[in-house]
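Chain by chain, the residues run as shown.
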Amino acid sequence: MLAKRIIPCLDIRDGQTVKGINFVGLRQVGDPVELGAKYAAEGADELVYLDISASEEGRRTFTELVARIAARIDIPFTVGGGISSVDDASRLLDAGADKITLNSAAVANPALINAIAARYGSQFVVAAIDARTVDGRWVVTTHGGRRPTQRELFAWAAEAADRGAGEILFTSMDHDGTKNGYPCDTFARLAELPVPIIASGGAGTADHIADVLTLGRADAALAASIFHYNEIPIPVLKRELKKRNINVRL
C-alpha cells in the first residue's frame with residue numbers, strides 16, 4: 001500500500017506566505033522559501049504553493065520564487081494560481097516545479113487539462129477544486145472562491161480525471177481554516193475515482209488528519225494553519241499517525 005502523504009500548503013501573496021479563514025482575512029505568516037525548507041527538513045512529503053493573487057506582475061514574481069524554491073528544497077512541490085495556458089504551465093515546470101495545479105482556468109476551459117496532460121503527462125497535472133455546499137449540493141467555485149459556477153463537485157472531479165488530471169486536490173470552503181475537521185463522507189465518495197485524492201480544508205488536530213486518511217480514504221492530507229503556527233509539528237503528527245497504523249514515511 002502506498003504511504004499516505006502529509007502536504008503543507010503555502011498560499012502566496014506579494015511574495016509572502018499568508019493564511020485566512022474561509023478564504024478571507026489573510027495575514028502574513030512567513031517567507032515561503034524558508035518555511036518550505038523547514039517543512040522539508042521536518043519530514044513533509046510534498047509542498048503545495050498557490051499564488052493567490054496571480055496578477056501579471058504576480059506571475060513573473062511567482063516564477064522567480066519557484067526557481068528559488070527549486071534551488072533550496074529537495075522534496076516534490078506543486079505550484080498553482082493563475083495558470084491559464086500550456087505556456088503558463090511550461091514556465092513554472094521549467095522553473096523547477098514538479099507539478100502544477102489547475103483551478104479556475106480549467107473550469108472555464110476544461111480542454112486545458114487535456115492539453116497540459118498531453119504535453120507533460122498526467123502525473124504533472126493536479127486538478128484543484130474549491131467548493132462549498134449550497135442547499136445540500138457541492139457547488140464548485142472559481143477565482144479564489146469568489147465566483148460560484150454551475151458545476152457540481154463530483155461530476156467535475158470525474159471529468160477532470162477523465163481529461164487527464166493525475167490527482168484531485170479538493171478544498172472544502174465550508175471547512176477551510178476552521179480547524180473543525182474535514183468532510184470525510186465527501187472525501188470517501190471522491191476516493192471512488194481512479195486517481196489520488198488530496199484532502200484540504202479543516203485540519204485542526206491529528207485526529208482530523210487520521211480521520212480523513214482512513215474514514216475519508218484520502219491519499220494525502222493538505223493543511224496550512226496547523227503547520228504555519230506550529231500547532232502540530234510534522235514529526236509529531238507522523239508519529240501519531242504511525243501509532244494508529246496509518247502508513248506514513250517517518
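Trainee: Help me get a handle on the packing of aromatic side chains, residues and values and all.
Mentor: Inspection of the entire model under this criterion finds six aromatic pairs. Aromatic pair Tyr49 and Phe77: ring centres 6.0 Å apart, planes at 85°, arrangement edge-to-face. Residue Tyr49 is found in strand E4 (residues 47-51), and its partner Phe77 is found in strand E5 (residues 77-80); the two are separated by 28 residues along the sequence. Judged on exposure class, the residue Tyr49 and its partner Phe77 are both buried. Both rings, one in Phe170 and one in Phe187, keep their centres 5.2 Å apart while their planes meet at 50°; by these two values the pair is tilted. One end of the pair, Phe170, is in strand E10 (residues 167-172); the other, Phe187, is in helix H7 (residues 184-190), and 17 residues separate them in sequence. Here the guanidinium or amino end of Arg189 rests over the ring plane of Phe154, the centre of that ring lying 3.7 Å away.

Trainee: An account of the environment of Leu2 is needed here, citing residue identities and associated values.
Mentor: Checked against the element boundaries, Leu2 lands in the segment before strand E1 (5-13). The class of Leu2 is exposed, set by a relative accessible area of 76%. For the pair Leu2 and Arg249, spaced 247 residues apart in sequence, the C-alpha separation works out to 9.9 Å.

Trainee: Describe the pairing of E5, with residues and values.
Mentor: The side chains of a regular strand alternate between both faces of the sheet. Here E5 shows a buried face lined by Phe77 and Val79 and a second buried face lined by Thr78 and Gly80. Bridge count for E5 against strand E6 (residues 99-102) is three bridges, and the pairing is parallel. From the neighbouring strand, Val79 faces E6, where its bridge partner is Ile100. This β-α-β element, E5 to helix H3 (residues 86-94) to E6, shows right-handed connectivity.

Trainee: Outline the pattern of salt bridges, listing residues and values.
Mentor: Following the criterion strictly, the structure yields 16 salt bridges and no others. In this structure, the salt-bridge partner of Arg163 is Glu159, at a minimum N-O distance of 2.8 Å. Here the residue Arg163 and the residue Glu159 both occupy positions in helix H6 (residues 153-163), the gap between them amounting to four residues, near one helical turn. Using a relative accessible area of 27% as the deciding quantity, one classes Arg163 as partly exposed. When salt bridges that share partners are traced, they join Arg5, Glu46, Lys99 and Glu167 into one network.

What counts, and at which threshold
- Residues numbered from 1 in each chain as written.
- Predicted model: local features only at pLDDT ≥ 70, side-chain atom pairs only at ≥ 80, totals over all residues.
- Heavy atoms only, no water.
- Phe/Tyr/Trp six-rings, centres within 6.5 Å; stacked < 30°, edge-to-face > 60°.
- Helix = DSSP H or I, 4+ residues; strand = E, 2+ residues; numbered from the N terminus.
- Buried < 20%, exposed > 50% of the residue type's maximum accessible area, 1.4 Å probe, protein only.
- Lys NZ or Arg CZ within 6 Å of the ring centre and 35° of its normal.
- Pairing = 2+ DSSP bridges.
- Right-handed = clockwise from strand over helix to strand, strands pointing away.
- Salt bridge = Lys/Arg side-chain N within 4 Å of Asp/Glu carboxyl O.

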